[in-house]
Amino acid sequence: MRKTRVVVTGGAGFIGSHLCDRLLQDGNDVICVDNLFTGSKDNIRHLLSNPYFEFIRHDVTQPIFVECDQIYNLACPASPKWYQKDPIYTFKTSVYGAMNCLGLAKRTGARVLHASTSEVYGDPLVHPQPETYWGNVNTAGIRSCYDEGKRAAETLFFDYNRKHNVDIKVMRIFNTYGPRMDIGDGRVVSNFIVQALQGHDITIYGNGGQTRSFCYVDDLVEGMIRVMNSREGFTGPINIGNPGEFTIKELAEIVMELTGSESKIVYEPLPADDPAQRRPLIDMASRELGWEPKVELKEGLKNTIQYFESIL
Ligand code: NAD
Ligand code: UDP
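Residues numbered from 1 in each chain as written. Chains lettered and ligands numbered in written order. Predicted model: local features only at pLDDT ≥ 70, side-chain atom pairs only at ≥ 80, totals over all residues. Heavy atoms only, no water.

> Can you help me understand the site of ligand 1 in this one?
Around ligand 1, 30 residues are found, and the nearest of them are Asp34, Thr38, Tyr146, Thr176 and Arg187. Separating an oxygen atom of ligand 1 from a backbone N or O atom of Phe14 is a distance of 2.8 Å. Here an oxygen atom of ligand 1 and a side-chain polar atom of Asp34 are 2.5 Å apart. Within the residue set of the shell around ligand 1, elements represented by two or more residues are α1 (14-25), α3 (87-108), β5 (111-117) and α4 (144-164). For the shell around ligand 1, the leading source of residues is β5, giving 3 residues. (Near = heavy atom within 4 Å. Polar contact = N/O pair within 3.5 Å; in protein donor to acceptor, adjacent residues only side chain to side chain. Helix = DSSP H or I, 4+ residues; strand = E, 2+ residues; numbered from the N terminus.)

Take a look at the structure:
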């Protein structure tokens, strides 16, 4: 029987490479499309000799012509440091990338899943965040290229669904962590672990009272596969994330405890528009997919610390 041909844009990135691993394990034929803007061949090196894995170096702002049955659209710089580096390019990647994936899905009849984000809720005034919340997003700030780019992409997904009957799934990912996070992309989990392991100061932005909910990458990938294979006609948007909520100060303390680090905590200015609180409501994921995260923060952090120890 012919294998399912699955395109993963952003497949050489942190989440995308774990998704490629899982799709190959499940017996699919995987086409990884990535321009290596923030991703790396190191994340997929172990897959390059697999005959059912292909890597195509390609920029998703340009149309893609391949034959496929499913498309996971993950291509987009994802950390504030990287998405703010060239904000216009970030916006183009999000919007043109979505349009090109949708065009591909329209031509091939493939089902297409979009990796959206909790950032569509902005600095949320409703807490925790249900999918029905429309968000509180600044259109003109330094995070807007990412937040508004992702919001515009969602709009395109729903319009292609209504107008052209494209089979879509829109998934809103909350902060995810694990092995293969990029060491230099400035996200809080990788920053704290690397600082702790190297004995450097732990940099808390603001007073550390802001909260995030951290999902381990294996849980996230399981959720993503379930969203893709959810019932006909179910489009989302659907939250996938871990509802455990921690302040950034608590995260720093846990990382220091798990690494046995003697680093000291220093406080730096809070970046503009940094959301004060974030926690997903995951009732829809539980009801529609029977999904809930399994990996506790400390357990996931231990694996992530081991990974960084192995590459430092
Ligand atoms: P990542 O930076 O590791 O992966 C993104 C990948 O997209 C990289 O491999 C990069 O090279 C590629 N890419 C960027 N621009 C491209 C372009 N124009 N053409 C082709 N490829 C391009 O980030 P990640 O954490 O793995 O995030 C994956 C997706 O999940 C992103 O869409 C992100 O917005 C979304 N997401 C991630 C998180 C998180 O906490 N990690 C949270 C919410 C949403
Ligand atoms: N943060 C921090 N120190 C760091 C990096 C990030 O205190 O070295 C804070 C950041 O200000 C934010 C939270 O940690 O409040 C999560 O930041 P990240 O960039 O990981 O993700 P996002 O803000 O996109 O959720």
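Moving on from the coordinates now.
> Where do I start with the layout of surface pockets in this structure?
Here the idea is plain: a probe the size of a water molecule rolls over the atoms and shows the empty space left. In this structure, the second largest pocket encloses a volume near 190 Å³. As for the second largest pocket, its lining consists of Val120, Tyr121, Glu131, Thr132, Tyr133, Trp134, Arg151, Glu154, Thr155, Phe158, Arg172 and Pro237. Counting residues per element, the lining of the second largest pocket draws most heavily on α4, which supplies 4 residues. Split by residue class, the lining of the second largest pocket holds 6 nonpolar, 2 polar and 4 charged. (1 Å grid on protein atoms, 1.4 Å probe; cavity = no way out; pocket = protein on both sides within 12 Å on 5 of 7 lines; lining within 4 Å. Points joined across faces, edges and corners; volume = space filled by probe spheres on them. Nonpolar A, V, L, I, M, F, W, Y, C, P; charged D, E, K, R; others polar.)

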